[in-house]
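Each chain, letter by letter, is given below.
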Amino acid sequence: MLEYRVEIALWAISGIIPFFMLNIWTNNNLNESINISDVSLSRYFLCAFFVRQFSVVWVVFSFEEDSLMGKVSPYLIQPLNPFFRYFAQHLAEQITRFPFALIIAFFFFIFNPESIWIPNLGILLLSIVSTFLSFLIQFLIQSIVACLCFWTEKASSIERLLFIPTLFLSGLLAPVVSFPAYVKSWIYLTPFPYLIDFPANLLSGNETNISGGLTMQILWIFLLFPLFKKIWTEGTKKYTAMGS
Amino acid sequence: MNIRKYLKVYKKFLHTSLASELEYKTNILVDLITAILSLVGSIFLLSIFFQNNGYIGGWKFEQAMIIQAIYTILNGITNTWFNPNLTEIVKHIREGTLDFVLLKPIDSQFFISLKKINPSGFLEIMLGFLLLFFCIRINQININLSFLTLSSITISCSICILYSLWFFISTTTIWFVKTWNAIEVLRSFLYIGRFPLNSFSFSLRIFFSVFIPIAFITTIPSEVFLGLSVLWKILLEVIVATVFLITSRKFWLFALKFYSSASS
């Protein structure tokens, strides 16, 4: 992973959309209408950036390439689910990304010195846990989509479709608190706000229902995991390698 | 340069790439739903911004919708031509197939910029035009000849700038080999084009008009639609577009000098 330092730095930069959004929010004083102070909003978006950096998943693209190139066949012979391989890759890259994310945060604090804060240890640990859970949810969803490769070959377009609600509803571009009431009434039943909004609120020290959020995250993982298991066994039965 | 020859070659390009893309019919449908959802999502986001404010950066909601429409059209063009072709440069260089392109008796930039086409982008372009016509109605814009010429000039300049940006980034592959992520950075910057430039702080505004001219891409054409645009801005956009096109061409020829295939 360290071989591709520039790549990972660029990845980190490509995640700065939350800061542009923050700029729109504060520059137009939009936050006054939803009763969030400037400082807590900027903390929120910084945390959203961090959560996104450490929960981004691209397993479907790797798996699609491997399955189109026929690399999945040797993986299937090994006594280990190939998704563990991708899982390990993701974890390794997240660790490499950490210093770059810190540098971006450093620049952020230079421009917004008033928003510096130190979360207490318990909150920090809890938010790391919830970020990891958010990563797990996204990893499971994408693995399920990736398994569709066994049927359609081009599963990445389905992933791009699923990415749209993730982008707009997860709280990456606007905190879920600011959503209109007709969306708020159902959004907490979907997995989306637990991907970015909940961990970011937790880390930035905003008011949030900690136990409820964590429970929902774990619930979604318990729901998605059997689904992944099922689609994986179905898919491998369907899978035909070249020449068979 | 023989224009007729190039047109003939382009016809063949269209034929082959359409034939291969239409093999994945469900894919096109999924892409259409994606385009619709992403438009709905960004209008939703705009409506959040406007829920308690009448104006953002001096733009009303109906006016900001024009920016969305133009962004959707340009995004459709990106998905139809720029994205499928220019991401291919990365592949050409990694796998060494750029040699075959350079050997052909045809301009290499023409070949790699127009070889492929992704038909699902057409649907996005149509979606953008639908929204644009809707916006013209709700903003009560009078259509006359000078308006039509000015808007088509500015939109074609935007397309040129957008193309040059993509082409620039893809050309750097010759040195860096893997530029997938640079393209992602460009994408995330282009996302700014969905919002009026005036809604950003002063420093970001400078950045997005001087270093990466995203301001020119959507905001100026939308101003033309609203009749707010001043002549010097349009002239400036034309100049920026020409400069970008010429330098991206020069940059490509310059970069090719550094290209070496496996055995050279």
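Thresholds, definitions, all that
Residues numbered from 1 in each chain as written. Chains lettered and ligands numbered in written order. Predicted model: local features only at pLDDT ≥ 70, side-chain atom pairs only at ≥ 80, totals over all residues. Helix = DSSP H or I, 4+ residues; strand = E, 2+ residues; numbered from the N terminus. Rg over C-alpha atoms; globule rule 2.2 N^0.38 Å. Contact = placed C-beta atoms within 7 Å. Buried ≥ 20, exposed ≤ 12 C-beta atoms within 10 Å, placed from the backbone. Nonpolar A, V, L, I, M, F, W, Y, C, P; charged D, E, K, R; others polar. Axes fitted to C-alpha atoms, helices over the stretch in contact; angles between N-to-C directions. Parallel < 35°, antiparallel > 145°, perpendicular 65-115°, else oblique. Left-handed = near helix turned anticlockwise from the far one by under 90°. Core = buried A, V, L, I, M, F, W, Y, C linked by C-beta atoms within 7 Å. pLDDT = per-residue confidence, 0-100.

Draft legend 1. Up close: the overall build of chain B. Summing up its helical and strand segments, chain B has 12 helices and zero strands in all. Helices and strands in chain B line up, N terminus first, as α-α-α-α-α-α-α-α-α-α-α-α. Taking 2.2 N^0.38 as the reference for a compact globule, 264 residues should give roughly 18 Å; the C-alpha atoms of chain B span a radius of gyration of 20 Å, in line with that estimate. Within chain B, counting contacts between residues at least 6 apart in sequence, those at least 24 apart form 80% of the total.

Draft legend 2. The arrangement of the overall build of chain A in detail. Scanning chain A from terminus to terminus reveals 12 helices and zero strands. Of the regular secondary structure in chain A, the N- to C-terminal order runs α-α-α-α-α-α-α-α-α-α-α-α. Its C-alpha atoms put chain A at 65 × 45 × 35 Å along the principal axes. Taken over 244 residues, chain A has a buried fraction of 37%.

Draft legend 3. Expanded view of the interface of chain B and chain A. Taken residue by residue, the interface counts 32 residues in chain B and 28 residues in chain A. Of all elements in the fold, only helix H2 (25–50) and helix H9 (180–190) of chain B reach the threshold of two or more residues within the side of chain B that touches chain A. The element contributing the most residues to the side of chain B that touches chain A is H2(B), with 13 residues. Within the side of chain B that touches chain A, the residues separate by chemical class into 16 nonpolar, 13 polar and three charged.

Draft legend 4. Structural detail: the packing of H2(B) against helix H6 (residues 120–138) of chain B. Residues and elements named next belong to chain B. The N-to-C vectors of H2 and H6 enclose an angle of 30°; their axes lie 9 Å apart at closest approach. Our classification of the angle between H2 and H6 gives roughly parallel. Of the two possible hands of crossing, H2 and H6 adopt the one that is right-handed. Judged by residue contacts, Ile28, Asp31, Leu32, Ala35, Ile36 and Leu39 of H2 engage Ser120, Leu123, Glu124 and Leu127 from H6.

Draft legend 5. Inspection of the nonpolar core at higher detail. Counting 116 residues, the largest nonpolar core has A:Met21, A:Phe45, A:Cys47, A:Ala48, A:Ala146, B:Ala69 and B:Ile161 as its most contacted members. The biggest single contributor to this core is helix H3 (residues 61–95) of chain B, with 15 residues. If sequence neighbours within four positions are ignored, A:Cys47 has contacts with A:Ala200, A:Leu203 and A:Ser204.

Draft legend 6. Fine view of unusual backbone geometry. Residues and elements named next belong to chain B. Even without being glycine, Gln140 reaches a positive phi, approximately 50°. Turning to its location among the elements, Gln140 is positioned in the loop between H6 and helix H7 (145–171). Using a count of 7 C-beta atoms within 10 Å as the deciding quantity, one classes Gln140 as exposed.

Draft legend 7. Here's a closer look at the confidence of the model for chain B. With 97% of its residues at a pLDDT of at least 70, chain B reaches an overall mean of 86. Across the predicted assembly, pTM comes out at 0.88 and ipTM at 0.83.

Draft legend 8. Inspection of the environment of A:Ser204 at higher detail. Residue and element names in this part refer to chain A. Structurally, Ser204 can be placed in the loop between helix H11 (197–203) and helix H12 (210–238). Accessibility expressed as a C-beta count within 10 Å gives 26 for Ser204, which makes it buried. A C-alpha to C-alpha distance of 8.3 Å links Ser204 and Trp117, two positions 87 residues apart in sequence. With sequence-adjacent residues up to four places away left out, Ser204 is seen in contact with Ser40, Arg43, Tyr44 and Cys47.

Draft legend 9. Expanded view of the packing of H3(B) against H7(B). Residue and element names in this part refer to chain B. Taken N-terminus to C-terminus, the directions of H3 and H7 make an angle of 20°; their axes are 10 Å apart at the nearest point. Comparing their axes, H7 and H3 come out roughly parallel. In this structure, H3 meets H7 at a crossing whose hand is right-handed. For the pair H3 and H7, contact is made by Leu74, Ile77, Thr78, Phe82, Leu86, Ile89 and Val90 and by Ser158, Ile159, Leu162, Tyr163, Trp166, Phe167 and Ser170, respectively. When the residues that make up the contact of H3 with H7 are grouped by side-chain class, the tally is 11 nonpolar, three polar and no charged.

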